[in-house]
Amino acid sequence: MVGIDVDEDKVRALNAGKPTVYEKGVSSLLRRASSCGRFSGTTHFKELADAKLIFICVGTPSVEDGGIDLSVVESAIRSVGGVLGGKFPLVVMKSTVIPGTTANKVKPLLERRSGRKVGVNLGLCSNPEFLREGSAIRDTLFPDRVVVGAEDGRSGREMISFYKRFYAKHTPPIVLTDLGTAEMIKYAGNAFLAMKVSYINTIARICEKIPGSDIEVVAQAIGLDPRVGGRFLQAGPGYGGSCFPKDVSALISFARRKGVDTSLFEAVQDINTSQAVHVISSLGRLSGGLEGKIVAVLGLAFKAETDDIRSAPSIRIIDALLLRKARVRVYDPVAMENTRKVLRDRVTYSRSAKESLKGADVCLILTEWKEFSRLTPGVFSKLMRRPLIYDARRILESRKLGKSVQYHAIGLGS
Ligand code: UGA
């Protein structure tokens, strides 16, 4: 397997067995694959000449109107199209693109550049990716489903035969459809999950108004109904990352252009934005004003098991804390380096959760790292000036914390 990137530093790092993103297990897997010659990185597209399958996995960032920027996809297709060899090389679109992109933009460009014809001497499929950051290995090896979109029979058949071999032991359900439907499935899936998060965050806010009520119990009970489903009902500071925010925006922009009402998805976005505001105003009220207070923020990554802070709620919330003149200390087990690049010297960086808590007035938990759930009440009461905890991820158990700390959490009625 050959991995191509135009970024020489990235390729060099990968070839040295160093992943460019954090995920448990990726480093050893990469080293193993490199050392036995099963993976190598390169910046030279000509190394694709013998490839039977070419996966396009480049980014499709948001543009101002919420749509997506296709320039990197186009440039990759141009480069790939110029070097294709063999009888029927199959180009597979993994990048998330709005419905119609593969048929109307990728296909003509690829045919022009390669001088080949899709379905005759060139294959083209849409094969959206559903892995989650932080569990990419598991999600790749044991996917819930595989979606293949194709316009011609041969491309679809070859893609399916590849996956049947790849998943010989546990073949997941494979959905074969046309290109546009496959592209739509990706957006429909992510928008639905984002909607679930905004839904549960709204229910959490209502629970907070009911004394004794607890969103965790509500979520667990409604999740037992298979029509609702128990996953993705974890209330929190709002969704972040490089996918949900971007994909919901792109779906809205696409639907608007097609004249379809987008109020559902706009509400999903608005609720997500206001969830950060909700955290800040709760914190302001509970602490008697944030000005001058030392706030220890535990967790910066947009979720646990990753070092990614793109569109992370932590960044929105820290910005608001600073605006309210709080003194912010931050700690995350793996996302410190990425955070430094964004927040620079506006906050104080701690080397551990405990260091961050020393003398703090407020502890704000924003990422569900396991190590934070192991902090005992004694740690908070001994180290903090005033042990006020706001748990925006529900990782601490209120009944175990006792009376020595003041515990507040998302979705907990008081
Ligand atoms: C998401 C999808 O889950 C993947 O299926 C998809 O392939 C990927 O986007 C993508 O399009 O590439 P990812 O962004 O890695 O994956 O992370 P998720 O686990 O989906 O979490 C997204 C956000 O929702 C995080 O900020 C997370 O903390 C939040 N979330 C998730 C909640 O607040 N509550 C939940 O119950 C679940």
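In case you missed it, the structure is sitting above this.
Because the structure is a prediction, the values reported are computed rather than measured. Here the residue index of a chain counts from 1 through its sequence in written order. A pLDDT threshold of at least 70 governs which residues receive local features in this predicted model, and a stricter bar of 80 or more applies before side-chain atom pairs are shown or counted, although totals over entire chains, interfaces and linings include all residues. Water and hydrogen atoms play no part in the side-chain values, which are based on all heavy atoms of the structure.

As a further point, take the packing of helix H10 (residues 263-287) against helix H11 (residues 313-323). Axis definition: a line fitted to C-alpha atoms, limited for helices to the stretch in contact. Angles are taken between N-to-C directions and run from 0 to 180 degrees. Secondary structure counts use DSSP, requiring at least four H or I residues in a row for a helix and at least two E residues in a row for a strand, with both numbered from the N terminus. Here H10 crosses H11 at 45°, and the two axes come no closer than 10 Å. Looking at the two axes, H10 sits oblique to H11. The handedness of the crossing between H10 and H11 is right-handed. Where H10 abuts H11, its residues Asn272, Ala276, Val279, Ile280 and Leu283 lie against Arg316, Ile317, Ala320 and Leu321. All amino acids are sorted into three groups, where Ala, Val, Leu, Ile, Met, Phe, Trp, Tyr, Cys and Pro are nonpolar, Asp, Glu, Lys and Arg are charged, and the leftover types, Gly among them, are polar. Per-class residue counts for the contact of H10 with H11 are seven nonpolar, one polar and one charged. Any angle from 65 to 115 degrees is called roughly perpendicular, while one under 35 is roughly parallel, one over 145 is roughly antiparallel, and all others are oblique. Handedness of a helix crossing follows the sense of rotation of the near helix relative to the far helix, less than a right angle counterclockwise being left-handed and clockwise being right-handed. The criterion used for residue contact is that any of the two residues' heavy atoms lie within 4.5 Å.

This brings us to the sheet that holds strand E7 (residues 174-177). Criterion used throughout: strands pair if DSSP finds at least two bridges between them. With mixed pairing, the five strands of this open sheet are ordered in space as E3-E4-E5-E6-E7. Since the sheet does not close on itself, it has two edges, and those belong to strand E3 (53-56) and E7, each with one partner. Shown here is a sheet whose adjacent strand axes are inclined to one another by a mean of 25°, direction ignored. One ladder, built from four bridges, connects strand E4 (residues 90-93) with strand E5 (residues 123-126); its direction is parallel. Bridge pairing links Met93 to Ser126 in E5. Packing of helix H7 (residues 179-207) onto the sheet brings it into contact with E5, strand E6 (146-150) and E7, and relative to E6 it is tilted by some 145°.

We define proximity as follows: a residue is near a molecule or strand when any one of its heavy atoms falls within 4 Å of that partner. In the vicinity of the ligand lie 20 residues, with Phe130, Leu131, Glu133, Lys186 and Asn190 positioned nearest. We call two N or O atoms a polar contact when they sit within 3.5 Å, provided that within protein one can donate a hydrogen and the other can accept it, with sequence-adjacent residues counted only if both atoms are side-chain atoms. Take Glu129: an N or O atom from its main chain is 3.3 Å from an oxygen atom of the ligand. Lys303 is positioned such that a nitrogen or oxygen atom in its side chain is 2.9 Å from an oxygen atom of the ligand. Protein chains shield 90% of the accessible area of the ligand, which is 710 Å² for the free molecule. A per-element tally of the shell around the ligand places H7 first, with four residues. Across the shell around the ligand, the residue classes break down as ten nonpolar, three polar and seven charged. Each accessible area value is a Shrake-Rupley result obtained with a 1.4 Å probe; residue values ignore everything except the protein chains displayed when judging cover.

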